[in-house]
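# Chain and residue survey
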Amino acid sequence: MNINVFQYRTIMKKPKFSDFIHRIQIEQLQTTTDDGGGFEPVWQKAFEIWAGIKQIKELFLFNYHMPKNEILHMFTCRYDPRIKRTDRIRFKDRIFNIQNINNLNETNHFLLITTKEEVKESHKKIDTQKGLLDSQKAVLLAQEETVKAQERLIWFGVIFLII
């Protein structure tokens with residue numbers, strides 16, 4: 001499918017300045033010396049900009065009995081050559097790792113920044129009665145259901161043998 005220039009411009013619409021209502025911090029990774037004479041990587045605030053934020057996708061993965069939540073966001077901001085793919089974004093108390101940076105229509109006016117949010121362990125809900133994470137509770141409930149099903153099969157087999 002071929003898209004000419006006029007169709008492409010209508011697909012990628014120019015953002016409005018009224019969309020940039022969030023103040024975000026761009027952090028860059030820098031190394032500092034520690035007490036032992038070595039180097040320690042530290043994220044430091046480089047600068048602040050105004051941006052628009054939109055959630056693109058949220059995935060909840062459950063691999064090896066470990067839940068993993070992936071949330072993708074799109075940040076839209078004015079073009080700034082200081083923003084690199086190795087940087088990260090801090091918005092309030094949330095951290096976003098930059099996945100991709102697109103120069104909208106290659107005009108050096110706006111940037112579309114695709115990010116993946118770092119989900120902290122403290123964001124997971126904890127059951128106060130048992131002190132278990134929701135995912136661990138789900139695994140225990142599934143195990144209990146399989147034990148009950150096995151017991152029903154055993155009783156069914158015993159009744160079948162008696163008859």
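Just so you know, these numbers come straight off a predicted model, no measurement behind them.

## Notes on the side chain of Thr 114
Here Thr 114 shows up in strand 6 (residues 110-117). Judged by relative accessible area, Thr 114 falls into the buried class, the value being 19%. Excluding residues that lie within four positions of it along the chain, Thr 114 makes contacts with Ile 56, His 73, Met 74, Asn 97, Ile 98, Gln 99 and Asn 100.

## As for the packing of aromatic side chains
Tallying each qualifying case throughout the model produces two aromatic pairs. Note on Phe 20 and Phe 110: the rings are 5.9 Å apart at their centroids and 55 degrees apart in plane angle, and the pair reads as tilted. With a gap of 90 residues between them, Phe 20 in the loop between helix 1 (5-11) and strand 1 (22-33) and Phe 110 in strand 6 connect regions that are remote in the sequence. The two residues Phe 20 and Phe 110 agree in class, both being buried. For the ring pair Phe 75 and Phe 96, a centre distance of 5.1 Å and an interplane angle of 75 degrees mean the geometry is edge-to-face. One end of the pair, Phe 75, is in strand 3 (residues 66-78); the other, Phe 96, is in strand 5 (residues 94-103), with 21 residues separating them in the sequence. For the pair formed by Phe 75 and Phe 96, the shared burial category is buried. For the cation-ring pair, Arg 82 lies above Phe 47, with the distance from its terminal atom to the ring centre recorded as 3.8 Å.

## Overview of the pairing of strand 5
Taken together, the four bridges between strand 4 (residues 88-91) and strand 5 define a ladder with antiparallel strand orientation. Its bridge partner lying in strand 5, Arg 88 is registered against Asn 97. Hairpin geometry of strand 4 and strand 5 is characterised by an intervening segment of two residues between the two adjacent antiparallel strands and by a positive phi of about 55 degrees at Lys 92. Pairing of strand 5 with strand 6, which is carried by seven bridges, proceeds in the antiparallel orientation. Residue pairing for strand 6: Ile 98 is matched across the bridge by Thr 115.

## Regarding the nonpolar core
In summary, soluble globular proteins display a tendency toward joint burial of nonpolar side chains. One finds Ile 24, Ile 83, Ile 89 and Ile 113 to be the most contacted residues of the largest nonpolar core, which totals 14 residues. Put simply, the parts of the chain that give this core at least two residues each are strand 1, strand 2 (39-63), strand 3, strand 4, strand 5 and strand 6. Looking at which element gives the most residues to this core, the answer is strand 2, with three residues. In this structure Ile 113 touches His 73, Met 74, Phe 75, Cys 77, Ile 83, Ile 89, Ile 98, Asn 100 and Ile 101, once residues within four positions along its chain are discounted.

## Brief notes about the confidence of the model for the protein chain
Low-pLDDT stretches of the model should not have their predicted coordinates read in fine detail. Looking at the protein chain as a whole, its pLDDT mean stands at 76, while 63% of the residues score no less than 70. Under a pLDDT of 50 for its full length, residues 1-11 has, in the predicted model, four contacts with residues more than four places off or in other chains. When the criterion is pLDDT under 50, residues 122-132 qualifies, and its contacts beyond four places in sequence or with other chains add up to eleven contacts.

## With respect to the pattern of salt bridges
Applying the stated criterion to the full structure yields six salt bridges. Note that Arg 82 is salt-bridged to Asp 80, the shortest N-O span being 2.8 Å. Taking the relative accessible area as the measure of exposure, Asp 80 reaches 11% and is therefore buried. The residue Glu 117 makes a salt bridge to Arg 94 at a minimum N-O spacing of 2.9 Å. Taken together, the positions of Glu 117 in strand 6 and Arg 94 in strand 5 put the pair 23 residues apart, joining distant regions of the chain. You can call Glu 117 buried: its relative accessible area is 8%. One salt-bridge network, in which partners are shared between bridges, spans Arg 23, Lys 45 and Glu 48.

Cut-offs applied
Residues numbered from 1 in each chain as written. Predicted model: local features only at pLDDT ≥ 70, side-chain atom pairs only at ≥ 80, totals over all residues. Heavy atoms only, no water. Helix = DSSP H or I, 4+ residues; strand = E, 2+ residues; numbered from the N terminus. Buried < 20%, exposed > 50% of the residue type's maximum accessible area, 1.4 Å probe, protein only. Contact = heavy atoms within 4.5 Å. Phe/Tyr/Trp six-rings, centres within 6.5 Å; stacked < 30°, edge-to-face > 60°. Lys NZ or Arg CZ within 6 Å of the ring centre and 35° of its normal. Pairing = 2+ DSSP bridges. Core = buried A, V, L, I, M, F, W, Y, C linked by side-chain atoms within 4.5 Å. pLDDT = per-residue confidence, 0-100. Salt bridge = Lys/Arg side-chain N within 4 Å of Asp/Glu carboxyl O.

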